[in-house]
Amino acid sequence: MYDVPANLVASRAGLGWLARLREDLAAARLRDPAVRSSAELLLGYPGMHAIWSHRLTHRMWQHPGLMVLARLISLWTRSFTGVEIHPGATIGRRFFIDHGTGVVIGETAEIGDDVMLYHDVTLGGRSLQRVKRHPTIGNGVVIGAGARILGPVTVGDKAQIGANAVVVRDVPAGAVVVGVPGEVLRPRVSEQDSLDAVDPAIWI
């Protein structure tokens, strides 16, 4: 998990597209030690391109006459980035997808602020009914590579989902989840250590 510096947190009201772009870039640099420059992020990070495209298609999705075009743009984005985000999904601020390839986010998924996903993550459904059928992800959640979160489950704030975990039940805030099916792991940590410093990719 990552604590976002106070200077990155601005009011939602009046935050224009340029300010949002800068916020995304700053959050990505905070989360990925491989980043060398904002230009590298702008040009070479498909996860960033995918979320920027989604912001456009999500706004279009609110207008019935633009839904088909929104779906087409999301399809083209998937072809270009390897990331599939349904235009109906709701995604908060400072969202970051590292690597990107294989990420799938379903129509009724809801994602809070300061969430980070690694590659090959699925936020999928388990129902064919036209209902809320995809996960709700709280603020500050980190989801490791290959994880599957399925159905209308809720993942609490600052939880960590381990690599390749399959989650089909609600996850408490601050929990670490591993395994198939996912189980809550409560590792012992010393006073000097913190779960904030744990990369979920180590929990396999």
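From a predicted model like this one, the values you see are computed outputs, not experimental measurements.

The sheet built from 4 strands is open, its strands ordered β2-β5-β8-β11 with parallel pairing. Each edge of the open sheet carries a strand with a single partner, namely β2 (90-91) and β11 (154-155). Judged from the 2 bridges that link them, strand β5 (residues 110-111) and strand β8 (residues 136-137) form a sheet pairing that is parallel. Bridge pairing links Glu110 to Thr136 in β8.

Moving on: unusual backbone geometry. Residue Pro181 is bonded to the preceding Val180 through a cis peptide linkage, with omega at -5 degrees. Counting through the fold element by element, Pro181 comes out in the loop between β14 (176-178) and β15 (183-185). Located in the positive-phi region is Asp120, a residue other than glycine, with phi close to 65 degrees. Relative to the assigned elements, Asp120 resides in the loop between β6 (116-117) and β7 (122-124). In this structure Asp120 comes out as partly exposed when scored by relative accessible area, which is 30%.

In regions of low pLDDT, the predicted coordinates are not meant to be interpreted in detail. Here the chain averages 85 in pLDDT, and 83% of its residues register 70 or above. Note on residues 10-14: pLDDT is under 50 here. Beyond four places in sequence and across chains, it has 6 contacts. Low pLDDT, under 50, characterises residues 188-195; the stretch is placed with 6 contacts to residues that sit more than four places away or in other chains.

Moving on, we get to empty space enclosed by the protein. It is a probe the size of a water molecule, rolled over the atoms, that shows where empty space is left. Per the counting criterion, the structure on display carries 1 cavity of 30 Å³ or more. If you list the elements that add at least two residues to the lining of the largest cavity, you get α3 (46-61) and α4 (67-81). Ranked by residue count, the leading element in the lining of the largest cavity is α3, at 4 residues. Grouping the constituent residues of the lining of the largest cavity by class yields 3 nonpolar, 5 polar and no charged.

What counts, and where the lines are drawn
- Residues numbered from 1 in each chain as written.
- Predicted model: local features only at pLDDT ≥ 70, side-chain atom pairs only at ≥ 80, totals over all residues.
- Heavy atoms only, no water.
- Pairing = 2+ DSSP bridges.
- Helix = DSSP H or I, 4+ residues; strand = E, 2+ residues; numbered from the N terminus.
- Buried < 20%, exposed > 50% of the residue type's maximum accessible area, 1.4 Å probe, protein only.
- pLDDT = per-residue confidence, 0-100.
- Contact = heavy atoms within 4.5 Å.
- 1 Å grid on protein atoms, 1.4 Å probe; cavity = no way out; pocket = protein on both sides within 12 Å on 5 of 7 lines; lining within 4 Å.
- Points joined across faces, edges and corners; volume = space filled by probe spheres on them.
- Nonpolar A, V, L, I, M, F, W, Y, C, P; charged D, E, K, R; others polar.

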